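# Structure assessment
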Amino acid sequence: MFSLLSWLVFGALLVGHWRFGWRGQRAANMTLYGVILLGLAFIGTKFVLELILNK
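Worth saying up front: this structure is predicted, and the values here are computed from it rather than measured.

So, how was this worked out
- Residues numbered from 1 in each chain as written.
- Predicted model: local features only at pLDDT ≥ 70, side-chain atom pairs only at ≥ 80, totals over all residues.
- Heavy atoms only, no water.
- Core = buried A, V, L, I, M, F, W, Y, C linked by side-chain atoms within 4.5 Å.
- Buried < 20%, exposed > 50% of the residue type's maximum accessible area, 1.4 Å probe, protein only.
- Helix = DSSP H or I, 4+ residues; strand = E, 2+ residues; numbered from the N terminus.
- Contact = heavy atoms within 4.5 Å.
- Expected span 1.5 Å × (residues − 1).
- Arc of directions from axis to C-beta.

Nonpolar side chains in soluble globular proteins tend to be buried together. Residues V9, L13, A27, M30 and L37 constitute the largest nonpolar core, which totals five residues. The set of elements that each furnish at least two residues to this core consists of α1 (2–20) and α2 (25–52). Here the element with the most residues in this core is α2; it accounts for three residues. Excluding its chain neighbours within four sequence positions, the residues that come into contact with A27 are L13 and W22.

This part covers α1. Relative to the 27 Å expected for 19 residues at 1.5 Å per residue, α1 spans 26 Å between its end C-alpha atoms, a close match to the ideal helical length. Those residues of α1 that fall on the buried side of the exposure criterion are S6, V9, L13 and G16. One side of α1 holds all its buried residues, which, seen down the axis, span an arc of 85 degrees. Along α1, the residues that are exposed and aim more than 90 degrees away from the buried face are L4, W7, L8, L14, W18 and R19. On its buried face, α1 sits against α2.

Here it is, written out as structure tokens:
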């Protein structure tokens, strides 16, 4: 779920840069949001695999 959201954020960033010329602070913030979502996806996957499924 979070990885899909991060793909959407990065896709929106690419389209925004191409269509509207987003740069600077807006682009940096969107990149950070995407990275945070990917981090949450990684932590959530590790939590489920190691603690819930005992693998």
